[in-house]
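# Observations on the three-dimensional arrangement
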Amino acid sequence: MKDIILKFNKNVLKRYEHNLNNGTVFLFNVETEEIWTGNGAADCLLRLIDGKQTLEEIYAYLFPLFDGFDKNELKESFDNIVKSLLSKGFLEGEYVVEQHK
Amino acid sequence: MLLNSISEDDAILLIEKMREYQKDFPARVLIEKMKEEGVKRFYTPYYISWEVTGACNLRCAHCCFAGQEYKSDKDIDSKRAVELANELVDADILKVMLTGGEPFLRKDIFDIIKILKSRNIIIQITSNGTLITEAVTYNLENLFNPNYDYVQISLDGGYAATHDETRGKGCFDKTIAGIKLLVKHNINVTINCVVTVKNLSEMKTLYKLASDLGVKKVTYTRVFNNDNLLPDDNVLFKETTELLKQETKDVPIELRLFTVPELAACKTFNSSTVTNRILSKHLNFDFICHKWEKLHIRKDGDVFLCLHASNNDMASLGNIKSCSMSEILVKRDENILFKPRKIINEKCNKCTFVSLCKAGCPVNAYMKYSDINLPDPVCLC
């Protein structure tokens, strides 16, 4: 999954509320009215999704922010978030195709 | 003067209709969910109205900027505008209304929209419709989400003569052509009519015209800052009741005709039945207006809690040309106008209608009395 480039579904709005339960991020699909919620760590990930960076590049920036946490556990947690959001249609992904010389 | 040409039941229905204002806001479900989850005060506003330019190709008599001399060199420059658009994205703003002046006079308007759309922010552009070209529609078609972004076009009458009297000769035809072009390219269009004594009798004609053009909604708005053009409340109630009989599901009507419609109805009918029915629906209230939910960026860069506050320079929270949005928000939290009100004065305490008007506008109260806890000097009672 590391070579996937993620972007938000064009109908999805994002909103982070700092003061709610120590930080809660909401994703809202305007078309289906479906809502997904996550914590502050999820918001850190979502803020980096720009339709340009691969997931590997995002993790390279993100993981150092969670100093003291086990990398494998971090990766598993964030991978689960990404998979969930892809399956529910909040995110869309495109795999990078390697150019062979 | 008592209104006896519509029934009390029709009056109640009309008020219920007015309270539906912005029920079609695409993120309404999200806002309600956040409040259910416990959000009492939004960390950042979720709605920004942004006067992207003061330049306009028209000089309409009823416009809140009428008579003002303004050059676009006071506008936020392109570099700062792009930075600001990115700041709004970072602040998780849900909707931005781009207004002016005339937004399509701004050369970088589509650069701004592109940044806002990178995070799917809901866009509303308010325009006089006279500058809608193929190039404009091409850009909008590529940037807009057809599910919820839209252009709001101003129309001041059902006939050319009425509209052009306000806007200038030839404007009606240009505006209609602009609307047709937008609709042809599947761009959502709504029409806004500022209702005055001059076009009051054409509300129904305008609605039929709008329906035939294929717009998504028609809004009828109260005229502000011009008492000479303000229709009588009695006549407004009657005409609006007649108008609503024409409403179809395909083209809903939105009403913004009274500052406090319930209070207008209570005073107009002077009937204990109407008053009791209205007041019975307002038992729970607080004195906090929408100020945590919105911000208004004026054309010269000064930021205010709302469009109304922007009429008073002293209510400025700072200037976005020299401050970032996060710095403005800190200033907002420290600003006296942002504090909850405690309405404990004798006049409001004895008033039957305080639950309806909520003591009026805190900005007005502060400008007059240097105290947000006193009632709006423009008390409606």
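Definitions and limits used
- Residues numbered from 1 in each chain as written.
- Chains lettered and ligands numbered in written order.
- Predicted model: local features only at pLDDT ≥ 70, side-chain atom pairs only at ≥ 80, totals over all residues.
- Heavy atoms only, no water.
- Helix = DSSP H or I, 4+ residues; strand = E, 2+ residues; numbered from the N terminus.
- Rg over C-alpha atoms; globule rule 2.2 N^0.38 Å.
- Buried < 20%, exposed > 50% of the residue type's maximum accessible area, 1.4 Å probe, protein only.
- Contact = heavy atoms within 4.5 Å.
- pLDDT = per-residue confidence, 0-100.
- Polar contact = N/O pair within 3.5 Å; in protein donor to acceptor, adjacent residues only side chain to side chain.
- Buried area = accessible area lost by both parts, 1.4 Å probe.
- Salt bridge = Lys/Arg side-chain N within 4 Å of Asp/Glu carboxyl O.
- Patch = residues over 30% accessible without salt bridge, like charges linked within 9 Å, V, L, I, M, F, W, Y side chains within 5 Å.
- Areas by Shrake-Rupley, 256 points an atom, 1.4 Å probe, with all protein chains shown as cover.
- Lys, Arg positive; Asp, Glu negative; His and termini not counted.
- Charge placed at Lys NZ, Arg CZ, Asp CG, Glu CD.
- Core = buried A, V, L, I, M, F, W, Y, C linked by side-chain atoms within 4.5 Å.
- Pairing = 2+ DSSP bridges.
- Axes fitted to C-alpha atoms, helices over the stretch in contact; angles between N-to-C directions.
- Parallel < 35°, antiparallel > 145°, perpendicular 65-115°, else oblique.
- Left-handed = near helix turned anticlockwise from the far one by under 90°.

### Details of the overall build of chain A
- Secondary structure summary: chain A contains three helices and five strands in total.
- Listing the helices and strands of chain A from first to last along the sequence gives β-β-β-β-α-α-α-β.
- The C-alpha radius of gyration computed for chain A amounts to 14 Å, which stays within 12% of the reference 13 Å derived for 101 residues, consistent with globular compactness.
- Along the first, second and third principal axes, the C-alpha set of chain A runs to 50 × 40 × 20 Å.
- Scored against the burial criterion, the 101 residues of chain A give a buried share of 44%.
- Across chain A, the fraction of contacts at a sequence separation of at least 24, relative to all contacts at a separation of at least 6, is 53%.

### Details of the confidence of the model for chain A
- The share of residues in chain A with pLDDT of 70 or more is 95%, and the mean pLDDT across the chain is 92.
- Confidence, read as mean pLDDT per element, is least for strand 5 (residues 91-95) of chain A in chain A (91) and greatest for strand 3 (residues 24-29) of chain A (97).

### Some remarks on the side chain of glutamate 293 of chain B
All names here are of chain B.
- As for its placement among the helices and strands, glutamate 293 is situated in the loop between helix 11 (272-279) and strand 8 (294-297).
- Among the polar contacts made by the side chain of glutamate 293, one reaches the side chain of lysine 35 at a distance of 3.4 Å.
- Here tyrosine 46 takes part through its side chain, which lies 3.0 Å from a polar atom of the side chain of glutamate 293.
- Not counting residues within four places of it along the chain, the set of residues in contact with glutamate 293 comprises Lys35, Phe42, Pro45, Tyr46 and Tyr47.

### Overview of the interface of chain B and chain A
- Contacts between the two partners involve 28 residues from chain B and, on the opposite side, 23 residues from chain A.
- Between chain B and chain A, roughly 2100 Å² of surface is buried when both sides are summed, and carbon and sulfur atoms account for 57% of that area.
- When the buried surface of chain B facing chain A is broken down by residue, Tyr43, Asp92 and Arg119 of chain B rank first, second and third, together holding 29% of it.
- Inspection of the chain B/chain A interface yields two salt bridges.

### A look at a negative patch on the surface
- Together, Asp3, Asp50, Glu56 and Glu57 of chain A make up a region of like negative charge exposed at the surface.
- Take glutamate 57 of chain A: its relative accessible area is 43%, and that puts it in the partly exposed class.

### Some thoughts on unusual backbone geometry
All names here are of chain B.
- The peptide bond linking glycine 100 to glycine 101 adopts the cis configuration, its omega dihedral lying at 15°.
- Residue position: glycine 101 is located in the loop between strand 2 (95-99) and helix 4 (109-117).
- Unusually for a residue other than glycine, asparagine 186 sits at a positive phi of about 60°.
- Position of asparagine 186 among the secondary structure elements: in the loop between helix 7 (171-184) and strand 5 (189-195).
- Residue asparagine 186 is classed as exposed on the basis of its relative accessible area of 59%.

### Here we look at the nonpolar core
- Within the largest apolar cluster, 93 residues are counted, with the highest numbers of intra-cluster contacts made by Trp50, Leu98, Leu140 and Tyr220 of chain B.
- Every residue in contact with tryptophan 50 of chain B, bar those within four places of it in the chain, is listed here: Ile76, Ala81, Leu84, Ala85, Leu88, Met97, Leu98, Thr99, Ile112 and Ile297 of chain B.
- Leu45, Phe66, Leu74 and Leu85 of chain A belong to the second largest nonpolar core, which has 26 residues in total.

### Section: the pairing of strand 1 (residues 4-8) of chain A
Residue and element names in this part refer to chain A.
- Every second residue of strand 1 is oriented toward a common face, the buried set being Ile4, Leu6 and Phe8 and the non-buried set Ile5 and Lys7.
- Sheet topology note: the strand 1/strand 5 ladder contains five bridges and is antiparallel. Across the sheet, the residue bridging to leucine 6 is glycine 93, located in strand 5.

### Topic: the sheet that holds strand 3 of chain A
All names here are of chain A.
- The three strands lie next to each other as 2-3-4, forming an open sheet whose pairing is antiparallel. Strand pairing shows two members of the sheet lacking a second neighbour, strand 2 (12-17) and strand 4 (35-39), which therefore form its edges. On average, adjacent strands in this sheet sit at an angle of 20° to one another, irrespective of strand direction.
- Here helix 1 (residues 40-47) sits on the sheet and contacts strand 2, strand 3 and strand 4; the angle it forms with strand 4, its principal contact strand, is near 110°.

### A few points about the packing of helix 2 (residues 55-62) of chain A against helix 3 (residues 71-88) of chain A
Residues and elements named next belong to chain A.
- Where helix 2 meets helix 3, the axes come as close as 12 Å, and the angle between the chain directions of the two elements is 135°. Considered as vectors, helix 2 and helix 3 are oriented oblique to each other. The element helix 2 and its partner helix 3 pack so that their crossing is right-handed. On helix 3, the residues that touch Leu55, Tyr59 and Leu62 of helix 2 are Lys75, Phe78, Asp79 and Val82.

### Some points on the sheet that holds strand 6 (residues 217-222) of chain B
All names here are of chain B.
- Taking strand neighbours across the sheet as the criterion, the nine strands line up as 7-6-5-4-3-2-1-8-9 in an open arrangement whose pairing is mixed. The open sheet has two edge strands, strand 7 (253-256) and strand 9 (303-304), and neither has a second partner.
- Note: strand 5 against strand 6, six bridges, orientation parallel. In the sheet register, threonine 190 faces strand 6, and the bridge partner there is lysine 217.
- Against the sheet, helix 12 (residues 325-334) contacts strand 8 and strand 9, and its axis sits at roughly 120° relative to strand 8.

### Observations regarding the pattern of salt bridges
- As enumerated under the stated definition, the model contains 25 salt bridges over all chains in all.
- Lysine 217 of chain B is the salt-bridge partner of glutamate 254 of chain B, the closest N and O atoms lying 3.0 Å from each other. Taken together, the positions of glutamate 254 of chain B in strand 7 and lysine 217 of chain B in strand 6 put the pair 37 residues apart, joining distant regions of the chain. The same class applies to glutamate 254 of chain B and to lysine 217 of chain B, which are both buried.
- A salt bridge links lysine 245 of chain B to glutamate 242 of chain B; its shortest N-O distance comes to 3.3 Å.
- By relative accessible area, which is 62% here, lysine 245 of chain B ends up exposed.
- Within this structure, Lys14, Asp43 and Arg47 of chain A together with Asp92 of chain B form a network of salt bridges that share partners.

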